[in-house]
2 protein chains.
Amino acid sequence: MEKLELNPTELINPLVQDLQESDTLAINELSKQLIAQGKKVYKFGLGQSPFPVPDNVVEALRLNAPQKDYLPVKGLPQLREVVADFYRRKNGIDVRPECILIGPGSKELVFLLQLVFEGEIIIVSPCWVSYIPQAKILGKKISIIHSSFENKWHLTPKLFKEFLKNRSPENISKPAFMILNYPGNPDGVSFKTEDLIEIAALAREHNVFILSDEIYGQLHHKGEHVSIGKFYPEGTVISSGLSKWCGAGGWRLGTFCFPKNLEWLADKIAVVASETYTSVSAPIQYAAIEAFKGGAQIEDYLSNVRKILSRLASDCVKILRQANVKVHDPVGGFYLFLDFSNFKQKLNANNITTSKEFCARLLEETGVAVLHGSSFSRAEDEFTARMAYVDFDGASALNAARMVTLNTPLDEGYSNANCPKVIEGVTKITEWLKNLK
Amino acid sequence: MEKLELNPTELINPLVQDLQESDTLAINELSKQLIAQGKKVYKFGLGQSPFPVPDNVVEALRLNAPQKDYLPVKGLPQLREVVADFYRRKNGIDVRPECILIGPGSKELVFLLQLVFEGEIIIVSPCWVSYIPQAKILGKKISIIHSSFENKWHLTPKLFKEFLKNRSPENISKPAFMILNYPGNPDGVSFKTEDLIEIAALAREHNVFILSDEIYGQLHHKGEHVSIGKFYPEGTVISSGLSKWCGAGGWRLGTFCFPKNLEWLADKIAVVASETYTSVSAPIQYAAIEAFKGGAQIEDYLSNVRKILSRLASDCVKILRQANVKVHDPVGGFYLFLDFSNFKQKLNANNITTSKEFCARLLEETGVAVLHGSSFSRAEDEFTARMAYVDFDGASALNAARMVTLNTPLDEGYSNANCPKVIEGVTKITEWLKNLK
């Protein structure tokens with residue numbers, strides 16, 4: 001038989017043929033190249049917690065290193081108990097251990113939910129980078145509601161109503177899933193409680209389930225995160241995990257909490273999980289019990305982490321606003337979504353016409369790496385970018401914060417002393433903007 | 001708007017609507033119920049290594065507990081180096097670190113390969129339980145080549161030739177992937193080297209790539225595993241991981257080695273991985289370096305594990321053959337695929353007409369849990385079943401084996417003394433067969 005000439009393109013599932021490595025990875029690669037050339041790079045591109053995993057959780061992993069058995073696909077029963085209790089305690093929501101799924105990152109669980117659920121998926125732009133690529137892999141169509149700076153980059157009851165009014169008739173008759181992410185990636189902003197209540201009522205009325213991505217919930221800077229699950233318990237799936245609030249992104253452990261009447265969805269996701277990732281790494285699951293159990297050490301860690309992020313965010317915002325960059329006060333997480341629309345003419349005059357070009361030039365000329373707005377489903381020519389204010393030594397920043405009395409906010413000198421690269425990088429952005437011809 | 005009556009079936013992707021929890025899980029559940037009723041159960045259903053993870057590998061996990069960063073999607077570079085070196089050393093194959101993927105279990109990697117590869121997937125029955133459900137989830141058609149007891153449950157060059165002759169014309173013109181698993185699950189049998197050479201030549205000639213699932217390769221009872229990659233380097237992807245030879249199934253770490261000219265496939269799988277599981281747990285990857293690095297401790301562990309499995313397997317086979325059960329001498333892993341066709345008439349007379357009924361009755365009446373042949377794509381009415389001879393205390397069995405000089409085989413009393421439940425359970429099977437009316 002004749003040997004075929006190998007044409008890889010024809011041998012790849014058409015749904016993934018155009019899929020490229022994520023923009024986050026691409027900017028990371030470029031940063032590395034610049035560093036290799038001896039350039040100083042301000043790494044505001046990748047959204048990773050700078051803080052170490054709390055000591056007692058690391059110790060729990062050490063103790064559980066010999067755990068070697070395959071665990072149940074839905075997760076270790078003891079872990080599901082404490083996760084349920086965690087969300088009960090933190091969010092005032094009635095969560096049942098039987099309705100909790102433990103996955104290798106909440107990203108994988110979002111993917112499986114998109115795979116299993118037969119129906120419309122609705123997202124709000126700017127949105128997290130992976131929702132849409134996941135839908136593409138699965139050949140699903142996603143509906144996007146576009147928000148704006150004026151709406152604080154989030155869904156408002158008004159936007160939601162407009163969307164519901166204009167839905168295609170085939171979708172109206174069927175349940176859908178809407179993904180909300182708050183405190184938000186890429187924006188750090190969250191919902192007002194009255195908006196959550198109104199959105200919940202609309203969702204209930206129109207048979208829209210909510211996948212409430214609350215992975216930054218515990219990083220609300222004042223510890224005052226409110227879940228929409230409180231107002232729409234029967235239709236909300238809450239997504240979270242260890243990656244952000246526990247500084248353990250690399251550990252890969254995410255959690256989904258289902259309401260009782262979506263248990264069939266949890267069950268079917270578990271069936272698919274049993275044919276794919278099987279279960280989450282056993283030592284990691286045992287260690288996670290210590291994290292979700294909470295207690296004094298975890299609360300001390302969280303309150304110091306929040307204080308640091310809050311102080312640093314407001315220092316960054318101050319510098320940026322003085323330079324005429326539009327940005328909202330963040331309430332949680334570690335992102336700012338920067339709006340450079342005030343510089344549009346100047347940028348265009350410098351041959352910068354898209355957010356991608358903006359970020360490439362900024363990185364090249366200042367060493368500051370931020371992620372362009374089009375990665376978050378914004379229009380190509382909208383000058384927005386996500387900045388992750390995480391380029392500092394989280395361990396020593398935590399130690400410094402611990403020197404301050406628990407309920408006292410950190411003073412103005414804190415960020416300069418403990419997160420100098422972040423302040424320097426933000427200043428570089430403003431100087432670059434000022435010097436644009 | 002009117003509240004819809006929720007009909008879960010309509011809200012589930014039709015491809016996964018009929019997907020049920022795996023038979024392995026189902027038999028585990030039934031076993032648990034029986035144990036709860038106070039019954040003694042011989043757990044030969046689940047294929048988990050009974051041995052602890054080697055001490056130096058556990059220690060490496062302890063040391064790396066604080067590792068918290070997201071790792072590169074293809075895997076930690078140092079780990080990919082030692083994995084490449086491991087397969088070079090063990091299999092005499094030229095493996096490049098750049099072509100290695102680390103995944104959360106090789107099962108997930110097989111799934112992603114099926115997702116990304118656009119073309120025919122060929123498997124050989126009896127086959128591992130997950131290949132076909134994975135294809136169903138993805139809406140892919142799988143071609144099955146049926147083997148038999150006479151062919152030692154494996155592909156022969158003759159069977160392969162017949163299959164290739166009868167392929168549909170649309171498939172003939174396109175590359176395909178054939179999955180081979182050896183030493184085999186469910187059978188413990190492997191290929192003769194001359195058959196591997198002939199199969200490799202046929203595959204090359206007919207543009208069939210091989211996914212060579214060698215997860216039990218290091219558990220070849222004589223340490224003499226030969227990979228087909230040796231004879232078909234440009235077309236073979238080798239699958240392996242920590243789960244079996246390192247006793248770390250619950251850790252979830254699998255490896256895929258791609259040849260240079262299938263690098264495009266590895267790259268695309270990595271892109272999909274970046275939108276799903278992201279990367280494998282960081283502490284686990286660092287610990288895995290110690291496992292794949294090898295050295296005296298690992299070799300000592302492996303040679304004792306092999307000695308135990310070899311001794312135990314031949315003791316089981318002896319008892320079973322004396323009772324007229326058809327079974328091949330296994331060469332690796334920890335499974336026997338039992339053929340009860342000699343009892344067909346008697347079984348039918350007892351209202352047992354399928355392998356599923358056979359296993360249910362056996363479990364009920366003797367407490368012995370084995371997995372019915374139809375789970376491995378055998379005909380429903382073929383009386384076959386997989387027995388995993390793993391229900392013993394691996395740690396103490398290892399200690400006992402270490403008392404024997406390294407190159408001396410274990411004596412006849414070893415299994416009775418150290419794996420009594422396995423011998424007892426096998427004997428129960430034979431007594432049950434004898435007492436069938």
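Please read these numbers as outputs of a predicted model, since none were measured by experiment.

Enquirer: Explain the relation of the copies chain B and chain A to me, please; I cannot follow it from the model alone.
Expert: Turning one copy of the chain about an axis and sliding it along that axis gives the other copy, so a rotation and a shift relate them. In screw terms, the move from chain B to chain A is a rotation of 180° and a rise of 0.0 Å along the axis, fitting with an RMSD of 0.0 Å. Those values place the two copies in the arrangement expected of a two-fold rotation axis. Taking the C-alpha atom as reference, chain B places R62 of chain B closest to the rotation axis, 2.2 Å from it. When you check the interface residues of chain B against chain A, 100% turn up at the interface there too, and the contact is symmetric in its surfaces.

Enquirer: Hey, could you run me through the domain arrangement of chain A in this one?
Expert: One frequently used descriptor of interface size is the decrease in accessible area upon assembly of the parts. All names here are of chain A. Here chain A is described as being made up of domain 1 (8-52 + 297-435) and domain 2 (55-293). Just the C-alpha atoms count here: the centres of domain 1 and domain 2 sit 24 Å apart. At the interface, 39 residues of domain 1 touch 41 residues of domain 2. Across the domain 1 to domain 2 interface the summed buried area is about 3300 Å²; carbon plus sulfur atoms make up 61%. Taken as a group, R306, H328 and V331 account for 21% of the area that domain 1 buries against domain 2, more than any other trio of residues on that side. Counting every contact that joins domain 1 to domain 2 gives one salt bridge.

Enquirer: Quick question: what am I supposed to make of the packing of helix α11 (residues 296-322) of chain B against helix α14 (residues 394-402) of chain B here?
Expert: Angle between the axes and distance between the axes are the two parameters that describe a pair of packed helices. Residues and elements named next belong to chain B. One can describe the packing of α11 onto α14 by two numbers: an axis separation of 10 Å at closest approach and a directional angle of 100°. It follows from the interaxial angle that α11 and α14 lie roughly perpendicular. Contact residues: D300, Y301, N304, V305 and I308 in α11; A397, L398, A401 and R402 in α14. Among the residues making up the contact of α11 with α14, the classes are represented as six nonpolar, one polar and two charged.

Enquirer: What's the story with the nonpolar core in this structure? I'm lost.
Expert: The biggest cluster of nonpolar side chains holds 126 residues, and the ones touching the most others in it are F160 of chain A together with F160 of chain B. Apart from the residues lying within four places of it in its own chain, the contact partners of F160 of chain B are I145, L155, M178, I199, L202, A203 and V208 of chain B.

Enquirer: How should the interface of chain B and chain A be read in this particular structure?
Expert: In this assembly, 81 residues from chain B lie in contact with 81 residues from chain A. Both faces combined, the contact of chain B with chain A buries some 6800 Å², and carbon together with sulfur accounts for 59% of it. For the pair chain B and chain A, the number of links is 49 residue pairs in polar contact (both at pLDDT 80 or more). If you list the elements that add at least two residues to the side of chain B that touches chain A, you get α2 (55-63), α4 (106-116), α5 (131-137), α8 (193-205), α9 (263-274) and α10 (282-293) of chain B. Among the residues forming the side of chain B that touches chain A, the class breakdown is 40 nonpolar, 23 polar and 18 charged.

Enquirer: What exactly am I supposed to notice about the sheet that holds strand β11 (residues 371-372) of chain A here?
Expert: Backbone hydrogen bonds hold the strands of a sheet together, and the pairing may be parallel or antiparallel. All names here are of chain A. Read from one edge of the open sheet, three strands run β9-β12-β11, paired in antiparallel fashion. Lying at the two open borders of the sheet, with one neighbouring strand each, are β9 (335-339) and β11. Two elements, β11 and strand β12 (residues 384-388), share two bridges in a ladder whose sense is antiparallel. By the bridge assignment, L371 is partnered in β12 with R386.

Enquirer: Any chance you could explain the side chain of N185 of chain A here in plain terms?
Expert: Within the secondary structure layout, N185 of chain A lies in the loop between β5 (176-181) and α8 (193-205). When sequence neighbours within four positions are dropped, the list of residues in contact with N185 of chain A reads C127, W128, Y216, Y335, F376 and R386 of chain A.

Enquirer: What should I look at first to understand the sheet that holds strand β4 (residues 142-146) of chain B in this one?
Expert: Residue and element names in this part refer to chain B. The mixed open sheet is built from seven strands, whose spatial order is β2-β8-β7-β6-β5-β3-β4. The sheet is open, and its two edges are formed by β2 (100-103) and β4, each paired on a single side. Each strand of the sheet is rotated relative to its neighbour by a mean of 20°, with strand direction disregarded. Pairing geometry for strand β3 (residues 121-125) and β4, over five bridges, is parallel. Its bridge partner lying in β4, I121 is registered against I142. Lying on the sheet, α4 is in contact with β2, β3, β4, β5 (176-181), β6 (208-213), β7 (236-241) and β8 (254-257); it crosses β8 at an angle near 45°. Lying on the sheet, helix α6 (residues 157-165) is in contact with β3, β4, β5 and β6; it crosses β4 at an angle near 140°.

Enquirer: Please explain the confidence of the model for chain A as it appears in this structure.
Expert: Atom-level detail of predicted coordinates should not be read off regions where pLDDT is low. Confidence in the prediction of chain A, expressed as mean pLDDT, is 94, and 99% of residues score 70 or more. With a pTM of 0.96, the predicted complex shows an ipTM of 0.96.

Enquirer: Please clarify how the state of the cysteines should be interpreted in this entry.
Expert: Between two cysteines, a covalent bond joining their sulfur atoms is known as a disulfide. What the rule picks out here adds up to zero disulfides over all chains. No disulfide involves C359 of chain A; its nearest neighbouring cysteine sulfur is the one of C316 of chain A, lying 16 Å away.

Enquirer: It is not clear to me how α4 of chain B should be interpreted in this structure. Could you clarify?
Expert: An α-helical turn contains 3.6 residues, so any two residues separated by three or four positions project in the same direction. By the criterion of burial, α4 of chain B is predominantly enclosed, with eleven of the eleven residues buried. By the burial criterion, the buried members of α4 of chain B are S106, K107, E108, L109, V110, F111, L112, L113, Q114, L115 and V116 of chain B.

Enquirer: In this structure, what is going on with the packing of aromatic side chains? I would like to understand it.
Expert: Here the distance between the centres and the angle between the planes together describe a pair of aromatic rings. Residue and element names in this part refer to chain A. Under the counting rule described, the total for this entry stands at 44 aromatic pairs over all chains. With 5.1 Å between their ring centres and 65° between their planes, F334 and Y335 make a pair best called edge-to-face. When its relative accessible area of 1% is taken as the criterion, F334 is described as buried. Look at Y335 and you get buried, because its relative accessible area is 1%.

Enquirer: What am I meant to see in the environment of L363 of chain A here?
Expert: Residues and elements named next belong to chain A. For L363, the location among the structural elements is in helix α13 (residues 355-366). Taking the relative accessible area as the measure of exposure, L363 reaches 1% and is therefore buried. Considering only alpha carbons, one finds L363 and I27, 336 residues apart in sequence, at a separation of 9.2 Å. Discounting chain neighbours no more than four positions away, the residues touching L363 are I27, L30, S31, L34, K39, V41, V368 and A369.

Enquirer: Explain the pattern of salt bridges here, please?
Expert: Side-chain pairs of opposite charge can arise where the charged atoms are in close proximity. Counted according to the given criterion, the structure contains 42 salt bridges over all chains. R378 of chain B serves as the salt-bridge partner of E382 of chain B, at 2.9 Å between the closest nitrogen and oxygen. What makes R378 of chain B buried here is its relative accessible area of 10%. The network of salt bridges with common partners includes R96, E98, K260 and E263 of chain A.

Enquirer: Which parts of the structure should I look at to understand the packing of helix α4 (residues 106-116) of chain A against helix α5 (residues 131-138) of chain A?
Expert: All names here are of chain A. It is the contact of α4 with α5, at a shortest axis distance of 10 Å, that shows an interaxial angle of 45°. Compared by their axis directions, α4 and α5 come out oblique. Here the hand of the crossing between α4 and α5 comes out right-handed. Residues K107, V110, F111, Q114 and L115 of α4 touch α5, and the partners they reach there are Y131, Q134, A135, I137 and L138.

What counts and how
- Residues numbered from 1 in each chain as written.
- Chains lettered and ligands numbered in written order.
- Predicted model: local features only at pLDDT ≥ 70, side-chain atom pairs only at ≥ 80, totals over all residues.
- Heavy atoms only, no water.
- Least-squares fit on C-alpha atoms with pLDDT ≥ 70 in both.
- Contact = heavy atoms within 4.5 Å.
- Domains from an automatic or database assignment.
- Buried area = accessible area lost by both parts, 1.4 Å probe.
- Salt bridge = Lys/Arg side-chain N within 4 Å of Asp/Glu carboxyl O.
- Axes fitted to C-alpha atoms, helices over the stretch in contact; angles between N-to-C directions.
- Helix = DSSP H or I, 4+ residues; strand = E, 2+ residues; numbered from the N terminus.
- Parallel < 35°, antiparallel > 145°, perpendicular 65-115°, else oblique.
- Nonpolar A, V, L, I, M, F, W, Y, C, P; charged D, E, K, R; others polar.
- Core = buried A, V, L, I, M, F, W, Y, C linked by side-chain atoms within 4.5 Å.
- Buried < 20%, exposed > 50% of the residue type's maximum accessible area, 1.4 Å probe, protein only.
- Polar contact = N/O pair within 3.5 Å; in protein donor to acceptor, adjacent residues only side chain to side chain.
- Pairing = 2+ DSSP bridges.
- pLDDT = per-residue confidence, 0-100.
- Disulfide = S-S within 2.5 Å.
- Phe/Tyr/Trp six-rings, centres within 6.5 Å; stacked < 30°, edge-to-face > 60°.
- Left-handed = near helix turned anticlockwise from the far one by under 90°.

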